[in-house]
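# Observations on chain architecture
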Amino acid sequence: MDGEHQEKKRKRSVAETNPPTDRFAKHRKKKKRKREKREMSTPDSMSADELLTYVTTFCAGKGSWHVHQPEGGYRTISGAVEGYFGNKLAGHLKAAENPNCVMRVLVLCSSGIRCCDVFRELRTLAGPKALVAKLFAKHMKLKEQREMLAEKSVFAGVGTPNRVRALLEAGALDLSQCELVLVDCWRNVKGFNIFELKQEAADLRNVLCALADKDFAGRLAVAAAAPPTG
């Protein structure tokens, strides 16, 4: 009995001296280092010159891009729109009530769910009279969006690259007077933004290249909203 007691005591002493190791600690550290490296090299932390180089490379050298990106970047979509237009924003919102007005701002987001958040943010900024269009698949069909764009005057559009590309190819989206294309670099729960998600990045590249084909004369900017918490 004493021998059994001594053995239990010995095992307990060994366990206290050598606590069990976390098998996944090394893996988590590696993922953290990769995430930190990725975040340092993506548009949400770039200067205007760095962003221009990044976008030019991202689009395989296609297009002559004009970048509007202040020091420190933008942290919200509405802040980016206000920062770009400044004192002229009120005049643009007033002009958007004109039946002949065409889109001035296009925001590209990584998902329909994120589009909904950005849509509400821009609706608050634009007020009740300036229309913000939903250019994503979550709430409207492609045919309904084509009809809406043909019939109504729109100040801004919020959409996913896939749906925006479809509308451009259908000739339903007039960006001839668009002054600002804003790429939303919000990070999802896994820490990825639109440039880092494989399919979304491919669709984004197609949209930007399509704009380059049309000799887009506006400005390109990115806004890096804070990632979700919890």
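Above this text is the structure in question.
Below: a short report on this structure. (Residues numbered from 1 in each chain as written. Predicted model: local features only at pLDDT ≥ 70, side-chain atom pairs only at ≥ 80, totals over all residues. Heavy atoms only, no water.)

A few words on the sheet that holds strand β5 (residues 219-223). The sheet built from 5 strands is open, its strands ordered β2-β3-β1-β4-β5 with parallel pairing. In the strand order of this sheet, the two ends are held by β2 (132-135) and β5, each with one partner. Each strand axis lies, on average, 20 degrees off the axis of its neighbour in the sheet, ignoring direction. (Pairing = 2+ DSSP bridges. Helix = DSSP H or I, 4+ residues; strand = E, 2+ residues; numbered from the N terminus. Axes fitted to C-alpha atoms, helices over the stretch in contact; angles between N-to-C directions.)

Neither face of strand β1 (residues 105-108) is exposed, since Val 105 and Val 107 on one face and Leu 106 and Leu 108 on the opposite face are all buried. Here β1 pairs with strand β3 (residues 156-159) via 4 bridges, running parallel. From the neighbouring strand, Leu 108 faces β3, where its bridge partner is Gly 159. Strand direction decides the pairing type here: β1 and strand β4 (residues 180-184), joined by 4 bridges, are parallel. When the sheet's bridge partners are listed, Leu 106 is paired in β4 with Val 181. (Buried < 20%, exposed > 50% of the residue type's maximum accessible area, 1.4 Å probe, protein only.)

Within the structure shown, the criterion is met by 5 aromatic pairs. An angle of 10 degrees between the planes, with centres 6.4 Å apart, marks the rings of Tyr 54 and Phe 58 as stacked. Highlighted residues: Tyr 54 and Phe 58, both in helix α3 (residues 48-58), separated by 4 residues, approximately one helical turn. Residue class for Phe 58 comes out buried when judged on its relative accessible area of 10%. Between Phe 58 and Phe 195, the aromatic rings sit 5.0 Å apart at their centres with planes inclined by 70 degrees, giving edge-to-face as the arrangement. On the criterion of sequence distance, the pair formed by Phe 58 in helix α3 and Phe 195 in the loop between β4 and α9 (198-213) is long-range, its members being 137 residues apart. Feature note: the residues Tyr 54, Phe 58 and Phe 195 constitute an aromatic cluster, connected by ring pairs. The ring of Phe 119 is capped by Lys 134, whose NZ or CZ atom sits 4.8 Å from the centre of that ring. Here the guanidinium or amino end of Arg 205 rests over the ring plane of Phe 58, the centre of that ring lying 4.3 Å away. (Phe/Tyr/Trp six-rings, centres within 6.5 Å; stacked < 30°, edge-to-face > 60°. Lys NZ or Arg CZ within 6 Å of the ring centre and 35° of its normal.)

Turning our eyes to something else, we now look at helix α4 (residues 77-85). Of all the residues in α4, the buried ones are Ile 77, Ser 78, Ala 80, Val 81 and Phe 85. Along the long axis of α4, the arc covered by the buried residues comes to 160 degrees, so they all point the same way. Contacts made by the buried residues of α4 are with α5 (89-95), β1, α6 (112-126), β4 and β5. The N-terminus of α4 is capped by Thr 76, whose side-chain oxygen sits 2.9 Å from the backbone nitrogen of Gly 79. Positioned one or two residues after α4, Gly 86 has a phi angle of 60 degrees, which is positive. (Arc of directions from axis to C-beta. Contact = heavy atoms within 4.5 Å. Polar contact = N/O pair within 3.5 Å; in protein donor to acceptor, adjacent residues only side chain to side chain.)

This brings us to the packing of α4 against α6. For the pair α4 and α6, the least separation of the axes is 9 Å and the interaxial angle reads 45 degrees. With respect to each other, α4 and α6 are oriented oblique. Of the residues in α6, those touching α4 at Ile 77, Ser 78, Val 81 and Glu 82 are Arg 114, Val 118, Glu 121, Leu 122 and Leu 125. Looking at the contact of α4 with α6 residue by residue, the classes come out as 5 nonpolar, 1 polar and 3 charged. (Parallel < 35°, antiparallel > 145°, perpendicular 65-115°, else oblique. Nonpolar A, V, L, I, M, F, W, Y, C, P; charged D, E, K, R; others polar.)

The next thing to look at is the environment of Glu 71. By the element assignment, Glu 71 lies in the loop between α3 and α4. Distance from Glu 71 to Met 46, taken between C-alpha atoms, is 8.6 Å for residues 25 residues apart in sequence.

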